[in-house]
Amino acid sequence: MIAIVGGGITGLALGHYLADRGVEFTVLEATSRPGGVIRSERVDSHLVEWGPQRTRLVGRVRDLVEELGLGSDLITAPDGLPLLVYCEGKLRRVPFSIGDFVATDMFTGAEKLRVLAEPFTGGARPGERVAGFFTRKFGRAAYENLLGPLYGGLYASDPADMVVDQSLGHVLREFGIGRSLLARLLRRGGRISPPAACSFQDGLQTLTTALYKKHHDNVRLEAPVTGLSQRGGGWVVETAGDSLEASAVVLTAPADTTSALLQTVAPDAAARIGQLHYNPLAVVHLYAETDLVGLGYQVSFAEDLVTRGVTWNDSLFGRAGVYTAYLGGARSPTTVDLPDLDVAEIAVREFARVTGYEAEPISVVRERMPAWDHTWGALDGLELPAGIHLAANWQARPGIPGRLGQAFMLSDKVTR
């Protein structure tokens, strides 16, 4: 029997894949609700996402949608929606092709030539920070106005705190990028064509709810794990007032929870994982009547805003008037310490400055994002006792496709 600690998307998907292999499992979720950071809710008739706003319709996502019978609930964003960056006081389209790059007003002629010189620069250097890497490869303007906001925005991080080998490196390897990113793009036809953005009629929680319903007999809610201990060749997992024996344990919980659980059985690993830093983020859902069309925007590092980006749920999935703003993160961490009314006021004011439209707040929440910064160096050389496995967004590729991919591979590993 495999014990899975955490009933978020990773834990539920791992259970699903284990069930396909005929492997017995139990998912232990500390709260009364499955789904983890994925949470969809209606507030004043508006559908809002508390966690990720969308995913991509890649292979494993598509397969899971079919297996769970969710095809009729699936919605995809319209083709060709632009992604934008606010820089030099204007919203500008992100160029996804060489032709778009030549035509963009985001860069001067000299700055474009600097970008085109990228194939003549060297690959990543040992210990190099992501900010330094992007600046050295593409120039200061490309880093501040485009690459920094887009990449740092994934983690609410400052790329100056992120090390290439510990964060960006795995992305470069996955896409077969060696010395030159631009050369790789040219070999692929000079255009970036990401899979369609998608969600569900009632939000992304539809996916985790369907996983829970399919396997609810193997999921225990309100069952926080309080300790781990070895017994024979297996493990005993302690919960509040109960315990279960398992041949292997998979920890999908946040880093601080995982660190606490490993204190007794793997103190060195616990200390290393406990060093990982999370970025504080304020998430403000706004309502605004606009004619904006796009995926949303990120904000140039050269701008004096605390808003890092805004997702346009209105044009993405037809959620009328809903916009999700992200404030703070590593570049403005104290923003989350302000009262809700002040955070909402900043979001409304900066949304109007960027888009020209007035908005009103729907809700304000605070989240934590794994920073994937220099503290991730603590994981180098990490060793775990036999039978203990990690599967979390702080340990492998974040995002729903990444979580499903790791869960699938781990289901094969623990089965063997």
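The structure under discussion appears in the preceding block.
The shown structure was predicted, so the numbers you read here are calculated from the model rather than taken from an experiment. Just so you know, the residues in each chain are numbered from 1, in the order the chain's sequence is written. Only residues with pLDDT of at least 70 get local features here, since the model is predicted, and only at 80 or more are side-chain atom pairs given and counted; chain-wide, interface and lining totals rely on the full set of residues. Note that the side-chain values use all heavy atoms of the structure and ignore hydrogens as well as water.

### A word on the overall build of the chain
Item 1. Here a helix means four or more residues in a row that DSSP labels H or I, a strand means two or more in a row labelled E, and each is numbered from the N terminus. Helix and strand counts for the chain come out as 14 helices and 20 strands.
Item 2. Counting only C-alpha atoms and orienting by the principal axes, one finds that the chain spans roughly 70 × 50 × 40 Å.
Item 3. Within the chain, buried positions represent 55% of all 416 residues.
Item 4. Look at the contacts in the chain between residues 6 or more apart in sequence, and 67% of them connect residues 24 or more apart.
Item 5. Here the open area of atoms and residues is found with the Shrake-Rupley method and a 1.4 Å probe, where only the protein chains shown may cover a residue. Here the chain has roughly 18000 Å² of accessible surface; of this, 51% comes from carbon and sulfur atoms.
Item 6. Positive residues here are Lys and Arg, negative ones are Asp and Glu, while His and the chain termini are left out of the count. A charged residue contributes its charge at one atom only: NZ of Lys, CZ of Arg, CG of Asp or CD of Glu. Side-chain charges in the chain split into 40 positive and 47 negative, and the spacing between the mean points of these groups amounts to 8 Å. When a residue's accessible area, from a 1.4 Å probe over protein chains only, is under 20% of the maximum for its type it is buried; when over 50% it is exposed; and in between it is partly exposed. The criterion used for residue contact is that any of the two residues' heavy atoms lie within 4.5 Å.

### Examining the pattern of salt bridges
Item 1. A side-chain nitrogen of Lys or Arg and a carboxyl oxygen of Asp or Glu constitute a salt bridge if their distance falls within 4 Å. For the structure shown, the criterion picks out 20 salt bridges.
Item 2. With a shortest N-O distance of 3.3 Å, Asp202 and Arg42 are connected by a salt bridge. Placement of Asp202 in the loop between β9 (197–200) and α9 (205–214) and of Arg42 in strand β3 (residues 40–43) is noted, with a sequence separation of 160 residues between them.
Item 3. Here Arg42 falls in the partly exposed class, since its relative accessible area comes to 49%.
Item 4. Between Asp304 and Arg353 there is a salt bridge; the shortest N-O distance is 2.7 Å. Taken together, the positions of Asp304 in the loop between β16 (296–299) and β17 (307–311) and Arg353 in helix α13 (residues 340–355) put the pair 49 residues apart, joining distant regions of the chain.
Item 5. Overlapping salt bridges, with partners in common, bring together Glu88, Lys90, Arg92 and Asp105 in one network.

### Some points on the side chain of Thr208
Item 1. Following the sequence through the fold, Thr208 ends up in helix α9.
Item 2. On the basis of relative accessibility, which here comes to 1%, the residue Thr208 falls in the buried class.
Item 3. Think of a polar contact as two N or O atoms within 3.5 Å of one another; within protein, one of them needs to be a possible hydrogen donor and the other a possible acceptor, and neighboring residues in sequence only count if both atoms come from side chains. Within the local environment of Thr208, its side chain forms a polar contact with the backbone oxygen of Gln205, the two atoms lying 3.1 Å apart.
Item 4. Among residues more than four places away in sequence, those in contact with Thr208 are Ile9, Leu12, Gly35 and Ile38.

### Side note on the side chain of Gln205
Item 1. Mapping Gln205 onto the fold places it in helix α9.
Item 2. With relative accessibility at 16%, the residue Gln205 sits in the buried group.
Item 3. Reaching out from Gln205, the side chain makes a polar contact with the backbone nitrogen of Ser40 at a distance of 2.8 Å.
Item 4. If sequence neighbours within four positions are ignored, Gln205 has contacts with Arg33, Ile38, Arg39 and Ser40.

### Regarding the sheet that holds strand β5 (residues 55–56)
Item 1. With respect to topology, three strands assemble into an open sheet ordered β5-β9-β6, the strand pairing being antiparallel. Two strands lie at the open edges of the sheet, namely β5 and β6 (74–76), each paired on one side alone. Here, strands pair whenever DSSP counts at least two bridges between them.

### As for helix α14 (residues 400–415)
Item 1. In this model α14 runs 22 Å from its N-terminal to its C-terminal C-alpha over 16 residues, within 8% of the 22 Å that 1.5 Å per residue would give.
Item 2. All buried positions along α14 are accounted for by Ile400, Gly402, Arg403, Leu404, Gly405, Gln406, Ala407, Leu410, Ser411 and Val414. To estimate how far a helix should reach, multiply one less than its number of residues by 1.5 Å.

### Here we look at the sheet that holds strand β2 (residues 25–28)
Item 1. Taken together, the five strands give an open sheet; going across it, the order is β10-β2-β1-β14-β20, and neighbouring strands pair in parallel fashion. The open sheet has two edge strands, β10 (219–220) and β20 (388–390), and neither has a second partner.
Item 2. The pairing of strand β1 (residues 2–5) with strand β14 (residues 248–251) spans four bridges and is classified as parallel. Of the residues in β14, the one forming a bridge with Ile4 is Val250.
Item 3. Think of each axis as a best-fit line through the C-alpha atoms, taken over the contacting stretch in the case of a helix, with angles from 0 to 180 degrees between the N-to-C directions. Along the sheet, helix α10 (residues 255–262) contacts β1, β14 and β20; its crossing angle with β14, the most-contacted strand, is approximately 150°.
Item 4. Together, β1, β14 and β20 form the strand contacts of α14, whose direction differs from that of β20 by roughly 165°.

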